[in-house]
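Residue-level structure breakdown
Residues per chain, in single letters:
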Amino acid sequence: MAFYGPIRLVGFSDIPTLYRMILPERGDVYVMCGADILINGLKTDLRAEARCPICGTVTRFHVDNRRIEDLAPKDPALHVVELEQAPGRMSIKCDSTHIFDKKDCLTKWLSNYTGKPGLVISLPEYMDSLNKRPPRKVSPA
Ligand SMILES: [Zn+2]
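Let me begin by describing the structure that accompanies this report.

Rules and cut-offs
Residues numbered from 1 in each chain as written. Predicted model: local features only at pLDDT ≥ 70, side-chain atom pairs only at ≥ 80, totals over all residues. Heavy atoms only, no water. Phe/Tyr/Trp six-rings, centres within 6.5 Å; stacked < 30°, edge-to-face > 60°. Buried < 20%, exposed > 50% of the residue type's maximum accessible area, 1.4 Å probe, protein only. Core = buried A, V, L, I, M, F, W, Y, C linked by side-chain atoms within 4.5 Å. Contact = heavy atoms within 4.5 Å. Pairing = 2+ DSSP bridges. Helix = DSSP H or I, 4+ residues; strand = E, 2+ residues; numbered from the N terminus. Axes fitted to C-alpha atoms, helices over the stretch in contact; angles between N-to-C directions. Polar contact = N/O pair within 3.5 Å; in protein donor to acceptor, adjacent residues only side chain to side chain. Arc of directions from axis to C-beta.

Side note on the packing of aromatic side chains
For the coordinates displayed, the defined rule picks out 2 aromatic pairs. Taken together, a centroid distance of 5.3 Å and an interplanar angle of 50° make the contact between Phe 100 and Trp 109 tilted. Taking relative accessible area as the criterion, Phe 100 reaches 0% and is therefore assigned buried. Seen from their ring centres, Trp 109 and Tyr 113 are 4.6 Å apart, and the 20° between their planes marks the pair as stacked. Each member of the pair, Trp 109 as well as Tyr 113, is classed as buried. Clustering of aromatic rings is evident, with ring pairs tying together Phe 100, Trp 109 and Tyr 113.

In structure tokens form, the structure reads like this:
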């Protein structure tokens, strides 16, 4: 897990990825996958931009007080694969976890996807589910 400044960020990447967070005091930080943005949002308010892996459209949103705000476009889809490492300890399979600006892109991506089936969920719903778990037990794989 990367340690970057006073807050321990999950999924920090040195190189640009599809997933960018804009943190109030540190500026731009890239993370490995879409779910990492929401996991970091459990600890700090942030702005985020997630680029669709199919069409390149950017989905923008804020996380404020552990809630998703100002989503644009309105209804992106998250495909997330969680792996249970041990009872109560979950990790995210990053190369299977993306934010799609629209359902069509998700459908297109799924038609070529041969990995472990994941959960398809809206960003606010996934944030709610993270809010119900202890954040320390979530880590990227
Ligand atoms: Zn797209």
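Having seen the model, we can carry on.
Describing the nonpolar core
Counting residues in each nonpolar core, the largest one holds 31 residues, and the members touching the most others are Ile 37, Leu 38, Phe 61 and Tyr 126. For Phe 61, the contacting residues outside a window of four places in its chain are Ile 37, Leu 38, Leu 46, Arg 47, Ala 48, Ile 68, Glu 69, Asp 70, Leu 71, Ile 99 and Leu 123. Ala 77, Leu 106, Trp 109 and Tyr 113 belong to the second-largest nonpolar core, a separate cluster that totals 8 residues.

Some details on the sheet that holds strand β11 (residues 119–122)
The 3 strands are arranged β10-β7-β11 in an open sheet whose pairing can be described as antiparallel. Two strands close off the open sheet at either side, each with one partner strand: β10 (98–100) and β11. With direction set aside, neighbouring strand axes in the sheet form an average angle of 25°. Note: strand β7 (residues 77–80) against β10, 3 bridges, orientation antiparallel. By the bridge assignment, Ala 77 is partnered in β10 with Phe 100. Each of β7, β10 and β11 is contacted by helix α2 (residues 103–111), which is oriented at about 25° to β7, the strand it contacts most. Together, β7, β10 and β11 form the strand contacts of helix α3 (residues 123–131), whose direction differs from that of β11 by roughly 105°.

A few points about the side chain of Glu 49
Within the element layout of this structure, Glu 49 appears in strand β4 (residues 46–51). A residue is classified by how much of its surface remains accessible, and Glu 49, at 17% relative accessible area, is buried. A polar contact is formed between the side chain of Glu 49 and the side chain of Arg 60, at a distance of 3.4 Å. Not counting residues up to four positions away in its chain, the partners in contact with Glu 49 are Leu 18, Tyr 19, Arg 20, Ile 22, Ile 37, Val 58, Thr 59 and Arg 60.

A look at α3
Buried residues of α3: Leu 123, Tyr 126, Met 127 and Leu 130, and no others. The arc enclosing the buried residues of α3, seen along the axis, measures out at 105°, which places them on a common side. One side-chain oxygen of the residue at the start of α3 lies 3.2 Å from the amide nitrogen of Glu 125, identifying that residue as Ser 122.

Some details on the side chain of Ser 96
Inspection of the secondary structure assignment puts Ser 96 in the loop between β9 (89–92) and β10. For Ser 96, a relative accessible area of 3% corresponds to the buried category. Each residue touching Ser 96, except ones within four places of it in the same chain, is listed here: His 79, Val 81, Trp 109 and Tyr 113.

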